[in-house]
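Each chain, written out:
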Amino acid sequence: MTGTAAAVYAVLVHSGHMGDGRRKVYSWTLFVGIAAALILVISDLSRPYNLVNAMILSLEQGTFGLGRSWMAIGIVLLSLMALMALLLLISSYAGGALAALRGRAYSYALMAVGILVTMYSGFLLAAAPGQPFWNTPLLPLLWLASGTTAAFGLSELALFWTGEERELSAGISLYGAFAELVELLVLSAYLYMTFTVMGVGAHIAAQQMLFGPLSYITWIGVLALGIIIPMISEFLFTKYRYSGYALVVIAVFVMAGALLLRYAILASSVLEPINIL
C-alpha cells in the first residue's frame, strides 16, 4: 500500500495538485509506512540483529544474494524507498537544493521504486517451493492491483485529513474505481487459473478460499466490502454529492479488503499432495 501510494503521489505531482500542505501529509505517510514495513521485514529474519554485519560481510566476499534471494532484493528496495521518502519529507520543510526533490522527476523515481516494493513480496511468494497456490506470475500482479486500490484509499483519507476532499476526490475516486475493477479482473484470472491450469494443491487452496472456512472473508471482506461496494460508490462519488465521512468509510473498506485478500491467500495455501502410487 505504501509503495503504490508513491505512485499516487507522482500522479498528483504530475497533475499539479500537490500543494505544500498536501505534500507534507503524503511525505509523512510514505516515510512512516515504509519505515514500518522495513522494520517488520527485518524483524521476521531469524537473526535480525545480525543483518548489517551479514550484508557487509557478504558484500566484501562477493556472496551477497541480490540475484538469488527475493528477501535480499526486498530489503534493498525497502531501504532505498525509506531513504527516498526521508529525503522527500525533509524537502517538504527545507528549501535550497532539496527543493528540487519536490518536482516531477523525483516523484517518478519514487513511483518506480514504490511499484517494485509492492511487487517484490508477490515474487517472493511465487518462488516458494511446494506452495502451488502461490506459484503463478499473476500473484505479483494481484499484489500490485490490490496495493494500488489501497493506495487510492489512503489518498482519500489524506484528502479528508487536509480538508481538501471536495477539490480532488472526484478524480481520485474515478481512478480508484478503475483500480478496483482491475483488481477484480486480476483476482478472477488468478482463481480461474487455480481451477484450470494449476495443480491439486492450488485447487484445494482455492476451494478453501471460496467455499471453505475462509469463504466469509473472501466473499464479504475482500469482494463485497473491499472491491465491489467501493467500486460502485466511488463511481457514484464522481456524479453526485456525498459526505466526506462516506469517503472515509469507503477508504477504510478498501484498505481492509487489501489486507484481508493477503490473509486469505496466505492462510488458504496448502502443500502440494504427494502421490505415492
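From a predicted model like this one, the values you see are computed outputs, not experimental measurements. (Residues numbered from 1 in each chain as written. Predicted model: local features only at pLDDT ≥ 70, side-chain atom pairs only at ≥ 80, totals over all residues. Heavy atoms only, no water.)

## Some words on the overall build of the chain
Stated formally: For the purposes of this entry, the term helix denotes a DSSP run of H or I that reaches at least four residues, the term strand denotes a run of E that reaches at least two, and both are numbered from the N terminus. Only protein chains enter the area calculation, which uses a 1.4 Å probe; residues under 20% of their type maximum are buried, those over 50% are exposed, and those in between are partly exposed. Contacts are assigned to residue pairs that have any heavy atoms within 4.5 Å of one another.
Within the chain one finds 10 helices and zero strands. The secondary structure elements of the chain, listed N-terminal to C-terminal, are α-α-α-α-α-α-α-α-α-α. Within the chain, the proportion of its 277 residues that are buried is 44%. Taking all contacts inside the chain whose residues are at least 6 apart in sequence as the whole, residues at least 24 apart take part in 76%.

## Some points on the environment of Trp 28
Inspection of the secondary structure assignment puts Trp 28 in helix α2 (residues 20-43). Trp 28 sits 60 residues away from Leu 88 along the chain, and the two C-alpha atoms are 9.0 Å apart. Residues in contact with Trp 28, not counting those within four places in the same chain, are Leu 89 and Tyr 93.

## Digging into empty space enclosed by the protein
Rules: Of the two site types, the cavity is a set of points on a 1 Å grid over the protein atoms alone where a 1.4 Å probe fits but cannot get out, and the pocket is an open set with protein on both sides within 12 Å along at least five of seven lines, each lined by residues with an atom within 4 Å of a point. Grid points are joined across faces, edges and corners, and a volume is the space filled by probe spheres set on the points.
Per the stated rule, a full pass over the model turns up one cavity of 30 Å³ or more. Computed from the structure, the largest cavity encloses a volume of approximately 40 Å³. Ala 5, Val 25, Tyr 26, Thr 29, Ala 151, Leu 154, Ser 155 and Ala 158 together form the lining of the largest cavity. Of all the elements, helix α6 (residues 138-161) adds the most residues to the lining of the largest cavity, at four residues.

## Side note on the nonpolar core
The line we're drawing: Buried Ala, Val, Leu, Ile, Met, Phe, Trp, Tyr and Cys residues that are joined via side-chain atoms within 4.5 Å together make up what is termed a nonpolar core.
Core analysis: the largest hydrophobic core is formed by 36 residues, its most contacted members being Val 8, Leu 30, Ile 34, Leu 78, Met 81, Leu 110 and Val 117. Only α1 (2-14), α2, α4 (70-93), α5 (104-126), α6, α7 (165-196) and α10 (244-268) provide two or more residues apiece to this core. Broken down by element, the residue count for this core peaks at eight residues, all from α4. Residues Met 198, Val 222, Leu 223 and Ile 265 belong to the second largest nonpolar core, which totals 24 residues.

## Digging into the confidence of the model for the chain
Low pLDDT means the predicted atomic positions in that stretch should not be read closely. So the rule is basically this: The pLDDT score gives, residue by residue, the confidence of the prediction method on a 0 to 100 scale.
Averaged over all residues, the pLDDT of the chain is 78; the fraction at 70 or higher stands at 79%. Confidence scores differ between elements of the chain, with helix α3 (residues 51-61) showing the lowest mean pLDDT of 57 and helix α9 (residues 215-237) the highest of 90.

## Concerning α2
Put simply, the test is: Take the residue count of a helix, subtract one, and multiply by 1.5 Å to get its expected span.
Its 24 residues place the ends of α2 34 Å apart at the C-alpha level, agreeing with the 34 Å of an ideal helix rising 1.5 Å per residue. Along α2, the residues that are buried comprise Arg 22, Arg 23, Val 25, Tyr 26, Ser 27, Leu 30, Ile 34, Leu 38 and Val 41.

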